[in-house]
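Secondary and tertiary structure notes
Chain by chain, the residues run as shown.
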Amino acid sequence: MAIRILMVCLGNICRSPLAEGILRSKLGSEHILVDSAGTGGYHVGGRPDSRSIETALKYGIDISGQRCRKFSIHDFSNFDLIYAMDRQNYMDIISLARSEEEAGKVKLLMEGVQEGILEIPDPYYGGEDGFEKVYQLIDLACNHITGIIKNP
Ligand code: 4NP
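All values derive from a computational prediction rather than experimental measurement.

Let's shift gears to the overall build of the protein. Counting secondary structure elements, the protein contains 6 helices and 4 strands. In terms of overall dimensions, the protein is globule-like: its C-alpha atoms have a radius of gyration of 14 Å, near the 15 Å expected for 152 residues. Across its three principal directions, the C-alpha atoms of the protein cover 40 × 35 × 30 Å. Residue burial in the protein is summarised as follows: out of 152 residues, 45% are buried. Of the roughly 7,600 Å² of accessible surface on the protein, a fraction of 52% belongs to carbon and sulfur atoms. Of the side chains in the protein, 16 bear a positive and 21 a negative charge, and the two mean positions are spaced by 3 Å.

Quick look at helix H6 (residues 128–150) now. The end-to-end C-alpha distance of H6 is 33 Å, a good match for the 33 Å that 23 residues give at a rise of 1.5 Å each. When H6 is considered as a whole, its buried residues turn out to be Phe-131, Val-134, Tyr-135, Leu-137, Ile-138, Asp-139, Ala-141, Cys-142, Ile-145, Thr-146 and Ile-149. Looking at the buried positions of H6, the neighbouring elements they touch are strand S1 (3–9), helix H1 (15–26), strand S2 (32–38), helix H2 (50–58) and strand S3 (81–84).

Within the structure, the ligand sits among Cys-9, Leu-10, Gly-11, Asn-12, Ile-13, Cys-14, Arg-15, Tyr-42, His-43, Asp-122, Tyr-124 and Tyr-125. A distance of 2.9 Å is found between an oxygen atom of the ligand and a backbone nitrogen or oxygen belonging to Leu-10. In this structure, Asn-12 approaches the ligand through a main-chain N or O atom, which is 3.3 Å from an oxygen atom. Protein burial of the ligand: of its 350 Å² of free accessible surface, 92% is covered by the chains. Placement of the ligand is best described as lying within the largest pocket. Of the residues that constitute the shell around the ligand, the class distribution is 7 nonpolar, 3 polar and 2 charged.

In this structure, the largest pocket occupies an estimated 150 Å³ of space. Forming the boundary of the largest pocket are Cys-9, Leu-10, Gly-11, Asn-12, Ile-13, Cys-14, Arg-15, Tyr-42, His-43, Asp-122, Tyr-124 and Tyr-125.

Turning to the packing of aromatic side chains, a few remarks are in order. Applying the stated criterion across every chain yields a total of 3 aromatic pairs. Ring geometry for Phe-71 versus Phe-76: centroids 5.3 Å apart, planes at 80°, classification edge-to-face. This pair shows no difference in class: Phe-71 is buried, exactly as Phe-76 is.

What the rule picks out here adds up to 11 salt bridges. A salt bridge links Asp-86 to Arg-15; its shortest N-O distance comes to 2.9 Å. Residue Asp-86 is found in the loop between S3 and helix H4 (87–94), and its partner Arg-15 is found in helix H1; the two are separated by 71 residues along the sequence. Side by side, Asp-86 and Arg-15 carry an identical accessibility label, which is buried. Among the ionic pairs, Arg-24 bridges to Glu-20, the shortest N-O distance being 2.9 Å.

Definitions and cut-offs
- Residues numbered from 1 in each chain as written.
- Predicted model: local features only at pLDDT ≥ 70, side-chain atom pairs only at ≥ 80, totals over all residues.
- Heavy atoms only, no water.
- Helix = DSSP H or I, 4+ residues; strand = E, 2+ residues; numbered from the N terminus.
- Rg over C-alpha atoms; globule rule 2.2 N^0.38 Å.
- Buried < 20%, exposed > 50% of the residue type's maximum accessible area, 1.4 Å probe, protein only.
- Areas by Shrake-Rupley, 256 points an atom, 1.4 Å probe, with all protein chains shown as cover.
- Lys, Arg positive; Asp, Glu negative; His and termini not counted.
- Charge placed at Lys NZ, Arg CZ, Asp CG, Glu CD.
- Expected span 1.5 Å × (residues − 1).
- Contact = heavy atoms within 4.5 Å.
- Near = heavy atom within 4 Å.
- Polar contact = N/O pair within 3.5 Å; in protein donor to acceptor, adjacent residues only side chain to side chain.
- 1 Å grid on protein atoms, 1.4 Å probe; cavity = no way out; pocket = protein on both sides within 12 Å on 5 of 7 lines; lining within 4 Å.
- Sits in = over half its atoms within 2 Å of the grid points.
- Nonpolar A, V, L, I, M, F, W, Y, C, P; charged D, E, K, R; others polar.
- Points joined across faces, edges and corners; volume = space filled by probe spheres on them.
- Phe/Tyr/Trp six-rings, centres within 6.5 Å; stacked < 30°, edge-to-face > 60°.
- Salt bridge = Lys/Arg side-chain N within 4 Å of Asp/Glu carboxyl O.

Structure, rendered in structure tokens:
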């Protein structure tokens, strides 16, 4: 059965749409169901940030069809793993968990991927180069996840 993975950031327009698109590009639908959401509701219904769309396109990944949604407590039952981009996202999700089992599904995306890096920095208020850096970090994390799923 496909593993269900949810990528979560604050706005669901910069980091988590990239994470959704990158992971989907690495694993077929027989292996995963992947979605993304934001802990904040500022951009619900909107497209990913144009800088995320352009950065993904540079690598042949089209994320323009994604639409922003807010994280919901139903996501705890609808997904097996919930990856937070940074510590604040992690704590915001954990604060909504109603059991140890739900809390146990939440991980930091960068945990165990590269020594000394635990967070994907928020690129929203930065320049274009922030999105490239974010892309590369998420790509590393998604290679890590892909390795685990293919060789459990
Ligand atoms: P994201 O970036 O969490 O990577 O989607 C942000 C996007 C929008 C806002 C904050 C972070 N905002 O405050 O509107």
